[in-house]
Every structure is written in C-alpha cells, then in structure tokens.
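A structural walkthrough
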Amino acid sequence: MYEQRSRLAIPERPKEAEIRRRKLTAWHPVLSPLGVVLTFILMAAVFIPIGCGILIISNQVISVGPIRYDEKTDQGLSIINFYWPETTNETIYVYYQLSNFYQNHRRYVKSRSDNQLAGKKLSDKQNVGECYPWQTFADHIPNNINQINIPVDTKLSQIKLNPCGLIANSQWNDTFSLFEGECHSLEECQTKTNISSTWQKNGIAWQSDKEKKFINYENYNGTATVEQQTNVEDEDFIVWMRTAGLPTFKKLYRIVNGGLKQGNYTMAINQNFPVKSFDGKKAFYLSTVTWIGGKNDFLGWAYVVVGIICLVLALAFFIKDKLHPRNIGDPRGK
C-alpha cells in the first residue's frame, strides 16, 4: 500500500515536446558598439526630419488668440478688436476657451443619463440617479422654466430634468458675433459687414454623436415642456457634452468658410456664462488647420529633441568605443 501511494506522488514525466521540455529556441542578441551607434543614428535620422516637417506644417497655420474678453466683467456685452495677420481662402475655425473649469471631475463627468440623451423615455419606475445631484426640478430650476406649462398641484420633485445632470445644465451660453473692420459699440458694429451671419454651425459636432448619442424625444418640437426642456440635438449642446480632459480647454464654436482678408476685425460677445465664482477665464481663438490639426509646435520640437538626444548618445558611444574599446562578451573591458 505504501509503495502504491509513493508511486502516485511522483509526477508524470512531460511528453517529448519542445514547449513542454522548455527547449524552444530563443534569440539572444549581442549588442556590439557599432550596432548601438548605428541604431541611435537611425533613430535620429527618422525623428529629426519628422519633427522639422511638423514644425514647418505647424508654422503654416494662421491663428489669432486666445484673446481674453472677460477681464472687465464676465456678464453683459464685450467688444474686442483684433487683427487678422494674413489673407487666406482656407476654412477658419472659431473656438471659445475656458480656463479653471474642471469638466474632468469624477462627479461632473458621471452626472448624465445616456439613455435619456439618446431619446429613450424613462418610465416612472426608472430614475435618473446617475444624474445626481441634479435629477429633478427640485434640485435645479431650468433657465427656461417660464416657458414650461407645469400642471397645477404638481410637485417640482416629480418633474424630471431632461436633459438631467450637471453637464447638461451648466452649458456654455456666451454668444459671439464677428464683424469686418474696427468698431467700439454695438451700434457702430451693425454698420459693418456681419461675418457671423454667414458662418456655419452645422458640422461643429461629431457625426457619430449627432446620429446615435443625442436624439430628442418623439413629441419634442423645440418648445420646452415638462417632458423635455432642452434641444439635445443642438450642436452647441453636443459639443459641450463631450467633456474635456484638462481644466483649460477649447471647444469649436463656428466655422468660417471662404477665409478672411488681412485686416482689423471686431468680436462682439454677449456674456451669459459667469466665471468669477471659480476664478475662471474666458477667451476666443481663430485658426486655420492643416492635416495634422491646428498649430502644435510642441509635438515638432519633441521629435527634434529626441532625435538630437539620439545623436548625442551615438557620438558618446562612438567616442567611448574608440578611447576604451572592449571585446564583445568580455566583462573586464579588455
């Protein structure tokens, strides 16, 4: 009995297979000084031209800003004059920029209902708990409540916000008007060519968002009701709902087709979005784009710096090998 148990305790011998016997062939490269130097030179030859190319393309971008417009006040009308440096027929993109606003805060990002935004009606048994802390009218009164016909004897806590959540109900609502030439009052600007009357709003949001993620309820006709208070298919709303990853961010506002002439321009801004309470800053930014996007010198210089470091390392290894050569595989360095 003892012999039988001892035999059972002995593991079986693995089958004669390379993977089971751990006899698979492996590549063990031996780095020679010449191979290391050539590798660094090759990396430099790749990185430096790419970086220079990115810098050249980035310098072709024509841009103005960001130009801050809330230094005197963050409410009411602001009129800002600026100079567009070069005549171009390329498409120009107008952005607004917001600083010290943490759209990436965990509670802020989670405060939304994707089902509700996609046009799926929530039954009485379903709640909008993911929209905490703004779920019903009792939590937050919509700005357009005067347009909503609330049934008599209806409690505010019984009316769901649609769209609900912090993101949807803190939407950016400053408006911009661009005029050709320099002006210092709204009356004077109205005598100038109004470029904003022809700029394009359609196309500022992602097509996938418009088609799948943001859909109005079937009975919504643009008028605020207890069922839906905001047009979730509006592209300004969709752009705002795509949260930014950093506290200072730019979001696309409008598209100017046909470019601009070199010269003076005026931006009239009707400020409705307060920022003083959280020490925020507001600005606008105009730019053309290239196939790599907007102006981005950092990426180009990053490639160039890495390439230069590779060259320096190649030179250092080459000098080291010539002054103190070592036989390959000899740890003593002789």
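What you see is a predicted model; the values in this text were computed from it and never measured.

Reading the values: the criteria
- Residues numbered from 1 in each chain as written.
- Predicted model: local features only at pLDDT ≥ 70, side-chain atom pairs only at ≥ 80, totals over all residues.
- Heavy atoms only, no water.
- pLDDT = per-residue confidence, 0-100.
- Helix = DSSP H or I, 4+ residues; strand = E, 2+ residues; numbered from the N terminus.
- 1 Å grid on protein atoms, 1.4 Å probe; cavity = no way out; pocket = protein on both sides within 12 Å on 5 of 7 lines; lining within 4 Å.
- Points joined across faces, edges and corners; volume = space filled by probe spheres on them.
- Nonpolar A, V, L, I, M, F, W, Y, C, P; charged D, E, K, R; others polar.
- Pairing = 2+ DSSP bridges.
- Axes fitted to C-alpha atoms, helices over the stretch in contact; angles between N-to-C directions.
- Contact = heavy atoms within 4.5 Å.
- Disulfide = S-S within 2.5 Å.
- Buried < 20%, exposed > 50% of the residue type's maximum accessible area, 1.4 Å probe, protein only.
- Expected span 1.5 Å × (residues − 1).
- Polar contact = N/O pair within 3.5 Å; in protein donor to acceptor, adjacent residues only side chain to side chain.

**Description of the confidence of the model for the protein**
- Of all residues in the protein, 88% attain a pLDDT of 70 or more, and the chain-wide mean is 85.
- Mean pLDDT values over the elements of the protein span from 54, in helix α1 (residues 2-9), up to 94, in strand β3 (residues 92-99).

**A closer look at the layout of surface pockets**
- Estimated volume of the largest pocket: approximately 830 Å³.
- Listing elements by their share of the lining of the largest pocket, those giving two or more residues are α7 (235-241) and β5 (249-256).
- Among the elements that line the lining of the largest pocket, the one with the most residues is α7, at four residues.
- Residue composition of the lining of the largest pocket, by class: 17 nonpolar, 14 polar and five charged.
- Residue lining of the second largest pocket: 21 residues in total, with Tyr95, Phe249, Lys250, Lys251 and Leu252 positioned closest to the centre.
- For the lining of the second largest pocket, the secondary structure elements donating two or more residues are β3, α7, β5 and β7 (281-287).
- For the lining of the second largest pocket, the element with the highest residue contribution is β5, accounting for four residues.
- Along the lines of polarity and charge, the residues of the lining of the second largest pocket split into eleven nonpolar, five polar and five charged.

**Quick look at the sheet that holds strand β4 (residues 175-180)**
- The strand order across the open sheet formed by three strands is β2-β6-β4, and the pairing between neighbours is antiparallel. In this open sheet, the two edge strands, each paired with only one partner strand, are β2 (76-84) and β4. Averaged over all pairs of adjacent strands, the angle between strand axes in this sheet comes to 20 degrees, irrespective of strand direction.
- Pairing geometry for β4 and strand β6 (residues 263-271), over six bridges, is antiparallel. Each bridged residue has a counterpart across the sheet, and for Ser177 the counterpart in β6 is Ala268.

**Description of the side chain of Gln97**
- For Gln97, the position within the fold is in strand β3.
- When neighbours within four sequence positions are excluded, Gln97 is seen to be in contact with Pro66, Trp172, Thr248, Phe249, Lys250, Lys281, Lys282 and Ala283.

**Describing the state of the cysteines**
- The tally for this structure, following the rule as stated, stands at two disulfides.
- The disulfide bridge from Cys131 ends at Cys164, spanning 1.9 Å between sulfur atoms. Taken together, the residues Cys131 in the loop between α4 (114-117) and β4 and Cys164 in the loop between α4 and β4 connect sequence positions 33 residues apart. Of the two residues, Cys131 and Cys164, neither departs from the other in class, the shared state being buried.
- Between the sulfur atoms of Cys183 and its disulfide partner Cys189 the distance amounts to 2.0 Å. Disulfide Cys183-Cys189: torsion about the S-S bond near 90 degrees, hence right-handed.
- Sequence-ordered numbering of the disulfide-bonded cysteines in the protein gives the connectivity 1-2, 3-4.

**Section: helix α8 (residues 297-323)**
- Here α8 spans 39 Å end to end across 27 residues, near enough to the 39 Å set by a 1.5 Å rise per residue.
- Among the residues of α8, those classed as buried are Gly300, Val304, Gly307, Cys310 and Ala314.
- Structurally, the start of α8 carries an N-cap: the backbone nitrogen of Phe298 is 3.4 Å from a side-chain oxygen of Asn296.

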